[in-house]
Amino acid sequence: MSPLVASLNLYDIANVKGVAADLSHCNTPAQVSAFTGFAELPDSLKNVDLIIIPAGVPRKPGMTRDDLFKINAGIVRTLVEAAAEHAPNAWINIISNPVNSTVPIAAEVLKQKGVYNPRKLFGVTTLDVVRANTFVAQKKNLRLIDVDVPVLGGHAGITILPLLSKTRPAVEFSPEEIEELTVRIQNGGTEVVEAKAGAGSATLSMAYAAARFAESCIRALDGDESVYECSFVQSEVTELPFFASRVKLCKEGVEAFINADLNGLTDYEQTALEALKPELKASIEKGINFVKQSLPVAA
Ligand SMILES: NC(=O)C1=CN([C@@H]2O[C@H](COP(=O)(O)OP(=O)(O)OC[C@H]3O[C@@H](n4cnc5c(N)ncnc54)[C@H](O)[C@@H]3O)[C@@H](O)[C@H]2O)C=CC1
Ligand SMILES: O=C([O-])CC(=O)C(=O)O
């Protein structure tokens with residue numbers, strides 16, 4: 001199989017090139033194409049295997065990701081409707097914020113279209129893992145390539161739950177370091193939004209994260225049986241219907257949840273997990289209700 005990757009409105013030309021370049025070392029002849037809208041998808045690409053959706057407005061200083069809902073909810077709904085029609089079997093990677101709501105929106109749209117496969121719908125939270133690995137490596141003078149920190153929950157503020165106690169290789173952190181690192185990881189996106197002072201949010205680091213996640217999807221599609229990533233997916237690891245956790249990927253999408261990550265949490269992590277649930281639940285419900293309460297799009 002030769003997985004094809006269709007990407008809708010990737011951030012900008014530089015990022016399209018960044019994703020394409022990063023994917024070029026895959027063993028599979030992956031192709032990356034950018035379209036100005038999925039309706040324009042050429043016939044020859046109708047059966048793409050992977051669709052990446054980063055379309056939508058970014059934050060400005062002072063905004064939360066949820067402030068983007070008003071505009072981005074409709075954009076994601078429209079693109080997923082088109083994806084359902086043109087490539088109903090494709091895996092979908094949702095980057096557009098607020099991910100905590102846009103993934104449930106996508107799921108509802110796919111359900112309405114009768115093509116929902118929860119194993120193939122992913123919210124891209126890879127940037128949280130990239131940040132966690134980077135900050136821990138810097139703090140502990142480790143080689144970045146050696147560090148792996150699972151980040152669970154969702155993709156906004158306190159819903160981002162880095163499990164520092166599960167860092168590989170095993171690392172000791174003081175309570176002060178845990179607090180400092182957790183807050184820095186949770187606020188990484190906001191830090192960039194403020195530094196860019198109105199010129200957008202994280203762009204190149206997101207392109208890197210999108211490329212990493214897309215490459216993992218392609219490897220799994222191609223039969224690699226050792227692919228693990230954190231992602232915001234339909235989930236049963238907590239009582240919430242969607243939750244980011246480490247998942248094992250296979251040709252058919254999510255193969256298994258790595259539930260073990262939630263065993264033996266520290267008191268700090270357990271408290272943070274309980275604290276994030278009401279916000280994440282509300283964001284999920286907001287997305288679901290947006291689709292359920294919308295008038296059907298005229299045929
Ligand atoms: N999941 C994550 O970790 C991250 C998510 N993001 C999110 O990605 C989204 C895009 O951010 P940037 O690339 O920085 O913004 P940008 O403004 O640079 O690019 C947005 C793209 O969306 C397209 N677009 C706008 N309205 C559209 C519509 N109605 N239909 C189709 N395409 C449309 C634009 O043409 C443009 O190509 C934002 O929602 C941002 O919050 C950004 C960084 C990290
Ligand atoms: O913070 C934002 O608005 C963009 C984003 O999701 C991130 O950088 O993690």
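Residues numbered from 1 in each chain as written. Chains lettered and ligands numbered in written order. Predicted model: local features only at pLDDT ≥ 70, side-chain atom pairs only at ≥ 80, totals over all residues.

## Let's talk about the overall build of the protein
- Secondary structure assignment for the protein yields eight helices and ten strands.
- Sorting the 299 residues of the protein into buried and exposed places 46% on the buried side. (Helix = DSSP H or I, 4+ residues; strand = E, 2+ residues; numbered from the N terminus. Buried ≥ 20, exposed ≤ 12 C-beta atoms within 10 Å, placed from the backbone.)

## Considering the site of ligand 2
- Taken together, the neighbourhood of ligand 2 is formed by P58, R59, R65, N97, L127, G189, T190, V192, V193, S201 and A202.
- For the shell around ligand 2, the leading source of residues is helix 6 (residues 188-196), giving four residues.
- Per-class residue counts for the shell around ligand 2 are five nonpolar, four polar and two charged. (Near = placed C-beta within 6 Å. Nonpolar A, V, L, I, M, F, W, Y, C, P; charged D, E, K, R; others polar.)

## Some thoughts on the packing of helix 4 (residues 126-140) against helix 5 (residues 175-186)
- Between helix 4 and helix 5, the least distance of the axes is 9 Å, while the angle of their chain directions is 145°. Handedness of the helix 4/helix 5 crossing: right-handed. Along the contact surface, helix 4 presents D128, R131, A132, F135, V136 and K139, while helix 5 presents E177, L181, R184 and I185.
- Classifying every residue of the contact of helix 4 with helix 5 by side-chain character gives five nonpolar, no polar and five charged. (Axes fitted to C-alpha atoms, helices over the stretch in contact; angles between N-to-C directions. Left-handed = near helix turned anticlockwise from the far one by under 90°. Contact = placed C-beta atoms within 7 Å.)

## Concerning unusual backbone geometry
- Following N97, the chain continues to P98 via a peptide bond in cis, the omega torsion being -5°.
- Along the polypeptide, P98 turns up in the loop between strand 4 (91-94) and helix 3 (99-112).
- Residue P169 follows R168 across a cis peptide bond; omega there is 0°.
- Here P169 shows up in the loop between strand 7 (160-162) and helix 5.
- Its identity as a non-glycine residue notwithstanding, N141 has a phi of 50°, on the positive side.
- We note that A197 has phi near 45°; this positive angle belongs to a residue other than glycine.
- Mapped onto the secondary structure, A197 falls in the loop between helix 6 and helix 7 (204-221).

## Points about the confidence of the model for the protein
- For the protein, per-residue confidence averages 87 on the pLDDT scale, and 83% of positions sit at 70 or higher.
- In this model, residues 6-18 is a region of pLDDT below 50 whose contacts with residues beyond four sequence positions or in other chains number 36 contacts.
- Note that residues 24-36 has pLDDT below 50 and, in this model, 31 contacts with residues that lie over four places away or in other chains.
- The complex prediction reports pTM at 0.91, with the ipTM value standing at 0.99. (pLDDT = per-residue confidence, 0-100.)

## A short note on the nonpolar core
- Within the largest apolar cluster, 74 residues are counted, with the highest numbers of intra-cluster contacts made by I92, I94, A106, V151 and A210.
- Beyond its immediate sequence surroundings of up to four residues, A106 is in contact with V76, V80, I92, I94 and L121. (Core = buried A, V, L, I, M, F, W, Y, C linked by C-beta atoms within 7 Å.)

## Digging into helix 4
- In this model, helix 4 (15 residues) spans 21 Å end to end at C-alpha, consistent with the 21 Å of a helix rising 1.5 Å per residue.
- Those residues of helix 4 that sit buried are T126, L127, D128, V129, V130, R131, A132, N133, F135 and V136.
- Buried residues along helix 4 sit against strand 6 (151-153), strand 7, helix 5, helix 6, helix 7 and strand 8 (227-234).
- Just downstream of helix 4, N141 is the residue with a positive phi angle, here 50°. (Expected span 1.5 Å × (residues − 1).)

## A word on the packing of helix 2 (residues 69-86) against helix 3
- Packing of helix 2 against helix 3 brings their axes to within 9 Å, and their N-to-C directions diverge by 35°. You can see that helix 2 and helix 3 cross each other, and the crossing is right-handed. Counted together, F69, N72, A73, V76, R77, V80, E81 and A84 of helix 2 and S101, T102, I105, A106, V109 and L110 of helix 3 form the full contact between these two elements.

## Here we look at helix 8 (residues 267-292)
- For helix 8, with 26 residues, the first-to-last C-alpha span of 38 Å sits near the 38 Å given by 1.5 Å per residue.
- Of all the bends in helix 8, the greatest reaches close to 35° and is centred on K277; the proline P278 follows between one and four positions later.
- Buried within helix 8 we find E269, A272, L276, L280, S283, I284, G287, F290 and V291.
- In this fold, the buried residues of helix 8 make contact with helix 2, helix 3, strand 6, strand 7 and strand 9 (242-250). (Bend = angle between axes of the 7 residues up to and from the residue.)

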